[in-house]
Number of protein chains: 2
Amino acid sequence: MRTLYHFPLQPQSRKLRLLLKEKHLDCDLVVERPWERREAFLRLNPACETPVLTEDSGLTLSGDYAITEYLEEAYQEPALLGRAKVERAEVRRLITWFDGKFQREVTQHLLDEKIVKRLYGRGGPDSAALRAGKANIHVHLHYISWLIDRRNWLAGEEISAADLTAAAHLSCLDYLGDVPWEDHPVAKEWYARLKSRPSFRPLLADHWPGTTPPAHYANLDF
Amino acid sequence: MRTLYHFPLQPQSRKLRLLLKEKHLDCDLVVERPWERREAFLRLNPACETPVLTEDSGLTLSGDYAITEYLEEAYQEPALLGRAKVERAEVRRLITWFDGKFQREVTQHLLDEKIVKRLYGRGGPDSAALRAGKANIHVHLHYISWLIDRRNWLAGEEISAADLTAAAHLSCLDYLGDVPWEDHPVAKEWYARLKSRPSFRPLLADHWPGTTPPAHYANLDF
């Protein structure tokens, strides 16, 4: 059986869980705690990082970049990276926006400070970082709203891996209660559309030991 | 004319300069200083990050991920992302290794501390970060040597974007005199092979104001 080794509160893992479901691909999920450096996992990916996907053929893929591109090449429908060159450029630009810029300016300051640092034994959250993350997220929610005022989905008329990437980050932060939805109604409406898709349901049932998401996290009418 | 907007001491920009040359694609180069937030550049890429590639067709591509995948789709020979699925998985795994793990563990601690922070007005280098970068680089040079003991190039028998990505990072650090080549003869031999390729020559002529690379930087017999 196809297997995804993932960490539930990692945006890059969540993106792939969404992507697999949107492509109607069955997959076993194995929760991996990379900080434990499990030997069998290190043999799959010497970088010791989630996500990792193994196929029945024996093919092992490490990292969300390799897995996303592979899934699109191997299972073309529905297309989630766009079709024409200009669409593909736009989807990948926005993936870089969220996995690069948003990750550095928001996710790292909130998710890594509150959850990841502790798991890796690197101490508690830094209050200056938390403040920066809480300030920066508004810029990105504005940008999502700006795009959604002009398009049906982030990268164009069709849903794409750009939406899944952005939603994967935001869903982790929403789990922490750190998304100021009320200030950004257009972004909220876009997220509500994603949240109501069947692919999103498993994420809303996630529960990580020692943490409790706010009541609205799993609520479709939030 | 095709144009690449790049920052000479950014590994992701250097990777694309190498990739364009390896694919025999002519390209104008424009040095971009993203911290100046030039308005015409912001219109090309609202993330205000290099690299950006514009094609004569009007197509604009932002970020090394979108540009790398586009170049491979549009100009298939020579293939630099591998051909069979298992090869492509391996090339992309190693791109993630160097642009992810190596970037975080080494490049950020040395290049960003010594050069980038100052350009963005974020103060001088942090000595603990420099120490961490100088310690971590050995692990990665060991890994390169381990791969090269088993393969002709990092991802297999053919040169690929994995080699170009790794060499792009190392060439920036070599410009700072921060690569302990003498401790890693196998990695050094691999880098010497890359350095002697015509695609590498323009990088060796780079000179950034206020910095002077060590004498061995541009020397093919270092």
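The preceding data block contains the structure.
Let me sum up the structure you'll find in this document. Owing to the predicted nature of the structure, the values given are computational and were not obtained by experimental measurement.

**Comments concerning the overall build of chain A**
Point 1. The secondary structure content of chain A amounts to eight helices and four strands.
Point 2. Along chain A, helices and strands appear, N-terminal first, in the series β-α-β-α-β-β-α-α-α-α-α-α.
Point 3. In terms of overall dimensions, chain A is globule-like: its C-alpha atoms have a radius of gyration of 17 Å, near the 17 Å expected for 222 residues.
Point 4. Each of the three principal axes of chain A carries a C-alpha extent, and together these read 45 × 45 × 30 Å.
Point 5. A buried classification covers 57% of the 222 residues belonging to chain A.
Point 6. Pairs at least 24 residues apart make up 67% of the contacts formed inside chain A by residues separated by at least 6 positions.
Point 7. Treating the 30 positive side-chain charges of chain A as one cloud and the 32 negative ones as another, the clouds have centres 2 Å apart.

**Digging into the packing of helix H3 (residues 64-74) of chain A against helix H4 (residues 85-119) of chain B**
Point 1. Between H3 of chain A and H4 of chain B, whose axes approach to 8 Å, the crossing angle comes to 155 degrees. Here H3 of chain A is positioned roughly antiparallel relative to H4 of chain B, judged by the angle of their axes. Handedness of the crossing formed by H3 of chain A with H4 of chain B: right-handed. Contacts between H3 of chain A and H4 of chain B involve Tyr-65, Ala-66, Glu-69, Tyr-70, Glu-73 and Ala-74 of chain A from the first element and Lys-85, Arg-88, Ala-89, Arg-92, Arg-93, Ile-95 and Thr-96 of chain B from the second.
Point 2. Of the residues in the contact of H3 of chain A with H4 of chain B, the class split is six nonpolar, one polar and six charged.

**Quick notes on the sheet that holds strand E1 (residues 3-6) of chain B**
Residues and elements named next belong to chain B.
Point 1. Strand order in the open sheet formed by four strands is E2-E1-E3-E4, with mixed pairing between adjacent strands. Two strands close off the open sheet at either side, each with one partner strand: strand E2 (28-31) and strand E4 (60-62). Taken over all neighbouring pairs, the strand axes of this sheet differ in orientation by 15 degrees on average, direction set aside.
Point 2. Taken together, the three bridges between strand E3 (residues 52-54) and E4 define a ladder with antiparallel strand orientation. The residue of E4 that forms the bridge with Thr-54 is Thr-60.
Point 3. Most of the contacts of helix H1 (residues 11-22) go to E1, to which it runs at about 155 degrees, and overall it touches E1, E2 and E3.

**Things to note about the environment of Leu-44 of chain A**
All names here are of chain A.
Point 1. The topology assignment puts Leu-44 in helix H2 (residues 39-44).
Point 2. Of the residues examined, Leu-44 reaches a relative accessible area of 23% and is grouped as partly exposed.
Point 3. Taking the C-alpha atoms as reference, Leu-44 lies 8.4 Å from Leu-61; in sequence the two are 17 residues apart.

**Thoughts on the nonpolar core**
Point 1. In terms of nonpolar packing, the biggest core is built from 125 residues, with Leu-170 and Trp-190 of chain A together with Leu-170 and Trp-190 of chain B touching the most fellow members.
Point 2. Beyond its immediate stretch of four places on either side in the chain, Trp-190 of chain A contacts Ile-144, Ile-148, Trp-153, Leu-154, Asp-163, Ala-166, Ala-167 and Leu-170 of chain A.

Calculation criteria
- Residues numbered from 1 in each chain as written.
- Chains lettered and ligands numbered in written order.
- Predicted model: local features only at pLDDT ≥ 70, side-chain atom pairs only at ≥ 80, totals over all residues.
- Heavy atoms only, no water.
- Helix = DSSP H or I, 4+ residues; strand = E, 2+ residues; numbered from the N terminus.
- Rg over C-alpha atoms; globule rule 2.2 N^0.38 Å.
- Buried < 20%, exposed > 50% of the residue type's maximum accessible area, 1.4 Å probe, protein only.
- Contact = heavy atoms within 4.5 Å.
- Lys, Arg positive; Asp, Glu negative; His and termini not counted.
- Charge placed at Lys NZ, Arg CZ, Asp CG, Glu CD.
- Axes fitted to C-alpha atoms, helices over the stretch in contact; angles between N-to-C directions.
- Parallel < 35°, antiparallel > 145°, perpendicular 65-115°, else oblique.
- Left-handed = near helix turned anticlockwise from the far one by under 90°.
- Nonpolar A, V, L, I, M, F, W, Y, C, P; charged D, E, K, R; others polar.
- Pairing = 2+ DSSP bridges.
- Core = buried A, V, L, I, M, F, W, Y, C linked by side-chain atoms within 4.5 Å.

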